[in-house]
Amino acid sequence: MQEPDNSPTLHSDSRNDRRELAALTASKSISNLALRWVTAFLPTLERAFSTTTGTLTGILGLAELGGLSTTLVGRTLDRGRHRLIFVASLLLVTASSVIALGGSIATFSIAMVFLLVGVSNLTVAGIAYIGERVSYSSRGRAIGTFETSWALSLLLGAPILAFLIDRYGWRAAYVALALLNGLAAVAIFRSMPAPQIAGTTTKTSLFGGLPRSAWPPLIASAAVAGAGMSIFVVMGAWLSDDYGLSVAGLGAIATGIGAAELASSSAVAVVADRIGIRRSVGIGGLLLGLGLVVIALSNDSVIIALIGLIVLVIGFEYGFVSSLSLMSEAAPQARGTAIAVGNAIATITRASLIVISGQCYERFGILGSATVSAAALCAAAAALISDRRRPVGQYTPELPPQPPEGASSARQAPHLQVQVTGNLAKVLEEIGRRDGGGQRHASPTLRALGKRHRRAAKVDHCASRVIRRPAHDPLNAERFSSAREDAPTPCCQQGAS
């Protein structure tokens, strides 16, 4: 059953929105590849740096703390500076690949910190950008499309990197990643819209500004992420140690996992909005748990192990991507801050569980890592259950303060009072808040909505209300004025006359 959605529809130019979403997804795929190939080809890096699985997973776990940097960009995103975060994040990922060419544990550690900071902030900025532009009833489709980047990075990138490593050595992978991420930064700068300042934001403490109801979805998403990463971080080492898979074999399995993830992310985009986001998270968690059981029972059978891994991947991807839509509506009045805080919680969760899972793997094998993953999954289930009654998609922005009575028309500037129907008022109110009266998004929206709501005015014009629009948008003011002249006379006025 789909959750009710009373959120305003913010799309104004679907063609531009699709182009921007495609550019974001492509750049996110490239940055994700820089992160994902490390765990998929962990045995290769062990030999390159002459170290162990425990050491590399420990570095990865500590580097995950770089994701805490997202708490610094929440208010920047709330002010509309998404493009700045996109470009800066991709440049950090580019720098990480260059630093890793040093070939030592020290340079690898520094590179991983840069990489995690860049990937984390790019993810947060992308989800915040989508949350600002897509209504909750359609957000599963948009975020599902965006998160296909996680699958595409492995599906398309793993075979290419495997070929480069076999042919030219491990450094070739880092050179290719540096070039691709640099080009992605340039493409995003050229294709994304310029910053649109959303106005002043209320200064609150980082965590105190979020309502209590915002925490369960943030914790649920973080726990699902930790449950998946507990297995992914040791996946390559497990398949190599227990089943003797080579670099080429790991590349083929990584490609298969990428295909499963792509199917799962696409399913979120197609199905999640119709059956409900919370239900989708629960279904993903059940599949993830089933995969853990199959992995634990696989023993020496590589076929059963791979089946369990594929089931786990499908469940994780479906549940986690769905949880991002839930997280994006945790606190709509401070969406960028809420997503940044949620990512910080996920960062701490993943960092802790990556280190614990790596150590448990060295002592107990894959059963140790599976136990860690199961514990995180139980925490996600508890948080999701506590969130089941929270209303979603029903945030309505507050109106700006009314001018004092009797004020002259000059004093009422820069606001324009317009009488419109109740449903349209909510949309225009949201557009005015986000765009500050800019014509880029408001005017096309009015053209699309005017025809529908002019007819609807005959039915609910008695529920009309007064809203205020910035007066420095003369084109929209002219449209409002003409729409009001064409609207039927309210019945209350007819009776009075």
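Refer to the structure above for everything that follows.
An account of the accompanying structure is given in this report. (Residues numbered from 1 in each chain as written. Predicted model: local features only at pLDDT ≥ 70, side-chain atom pairs only at ≥ 80, totals over all residues. Heavy atoms only, no water.)

### Here's the deal with the overall build of the chain
Move 1: Looking only at helices and strands, the chain features 20 helices and two strands.
Move 2: By the burial criterion, 54% of the 497 residues in the chain qualify as buried.
Move 3: Nonlocal contacts in the chain, meaning residues at least 24 apart in sequence, comprise 87% of its contacts between residues at least 6 apart.
Move 4: Within the structure as shown, the chain displays about 21100 Å² of accessible surface, and the carbon and sulfur contribution to it stands at 62%. (Helix = DSSP H or I, 4+ residues; strand = E, 2+ residues; numbered from the N terminus. Buried < 20%, exposed > 50% of the residue type's maximum accessible area, 1.4 Å probe, protein only. Contact = heavy atoms within 4.5 Å. Areas by Shrake-Rupley, 256 points an atom, 1.4 Å probe, with all protein chains shown as cover.)

### Some points on the nonpolar core
Move 1: In this structure, Trp37, Phe108, Met112 and Trp238 are the most contacted members of the largest nonpolar core, which totals 119 residues.
Move 2: The greatest single-element share of this core, amounting to 16 residues, is contributed by helix H10 (residues 215-243).
Move 3: If we ignore the near neighbours within four places in the chain, the residues touching Phe108 are Val38, Leu45, Phe49, Leu56, Ile59 and Tyr174. (Core = buried A, V, L, I, M, F, W, Y, C linked by side-chain atoms within 4.5 Å.)

### Some thoughts on the packing of aromatic side chains
Move 1: Counted according to the given criterion, the structure contains nine aromatic pairs.
Move 2: Plain terms: the ring middles of Trp37 and Phe41 are 6.2 Å apart, the flat faces sit at 45° to each other, and that makes the pair tilted. There is no split in this pair, since Trp37 and Phe41 are both buried.
Move 3: Note on Phe316 and Phe320: the rings are 5.6 Å apart at their centroids and 5° apart in plane angle, and the pair reads as stacked. Remark: Phe320 and Phe316 occur in helix H13 (residues 302-328); sequence separation between them is four residues, near one turn of the helix. Taken individually, Phe316 and Phe320 each receive the classification buried, so the pair is uniform in this respect.
Move 4: Joined through ring pairs, the aromatic side chains of Trp37, Phe41, Phe49, Phe108, Trp170 and Tyr174 make up one cluster.
Move 5: The residue whose ring lies beneath Arg83 is Phe189, and the NZ or CZ to ring-centre distance is 4.6 Å. (Phe/Tyr/Trp six-rings, centres within 6.5 Å; stacked < 30°, edge-to-face > 60°. Lys NZ or Arg CZ within 6 Å of the ring centre and 35° of its normal.)

### So, the side chain of Arg36
Move 1: For Arg36, the position within the fold is in helix H1 (residues 14-40).
Move 2: Given the relative accessible area of 7%, Arg36 is considered buried.
Move 3: Once you skip the residues sitting within four places of it in the chain, Arg36 turns out to touch Trp150, Ala151, Ser153, Leu154 and Glu261.

### What about the packing of H10 against H13?
Move 1: Interhelical geometry of H10 versus H13 gives an angle of 155° and a closest axis separation of 9 Å. In terms of their interaxial angle, H10 and H13 are classed as roughly antiparallel. Relative to H13, the crossing made by H10 is left-handed.
Move 2: Counted by class, the contact of H10 with H13 contains 21 nonpolar, four polar and no charged residues. (Axes fitted to C-alpha atoms, helices over the stretch in contact; angles between N-to-C directions. Parallel < 35°, antiparallel > 145°, perpendicular 65-115°, else oblique. Left-handed = near helix turned anticlockwise from the far one by under 90°. Nonpolar A, V, L, I, M, F, W, Y, C, P; charged D, E, K, R; others polar.)

### A word on the pattern of salt bridges
Move 1: As enumerated under the stated definition, the model contains seven salt bridges in all.
Move 2: Note that Glu20 is salt-bridged to Arg133, the shortest N-O span being 3.9 Å. Taken together, the positions of Glu20 in helix H1 and Arg133 in helix H6 (residues 105-133) put the pair 113 residues apart, joining distant regions of the chain.
Move 3: With relative accessibility at 5%, the residue Glu20 sits in the buried group. (Salt bridge = Lys/Arg side-chain N within 4 Å of Asp/Glu carboxyl O.)

### A few points about unusual backbone geometry
Move 1: Even without a glycine there, the phi angle at Ser50 is positive, about 55°.
Move 2: Its place among the elements puts Ser50 in the loop between helix H2 (42-49) and helix H3 (53-63).
Move 3: You can call Ser50 exposed: its relative accessible area is 67%.
Move 4: Positive phi is not limited to glycine here, since Asn299 has a value of about 55°.
Move 5: For Asn299, a relative accessible area of 61% translates into the label exposed.

### Quick look at a nonpolar patch on the surface
Move 1: A surface patch of nonpolar side chains, about 340 Å² in accessible area, is lined by Ile283, Leu287, Leu290, Ile310 and Ile314.
Move 2: Sorting the residues of the nonpolar patch by element identifies helix H12 (277-296) and H13 as the ones contributing at least two each.
Move 3: Counting residues per element, the nonpolar patch draws most heavily on H12, at three residues.
Move 4: Within the element layout of this structure, Leu287 appears in helix H12. (Patch = residues over 30% accessible without salt bridge, like charges linked within 9 Å, V, L, I, M, F, W, Y side chains within 5 Å.)

### A closer look at H6
Move 1: Between its first and last C-alpha, H6 extends 42 Å over 29 residues, near the 42 Å set by a 1.5 Å rise per residue.
Move 2: Taken across its 29 residues, H6 has 22 buried, putting it largely inside the fold. (Expected span 1.5 Å × (residues − 1).)

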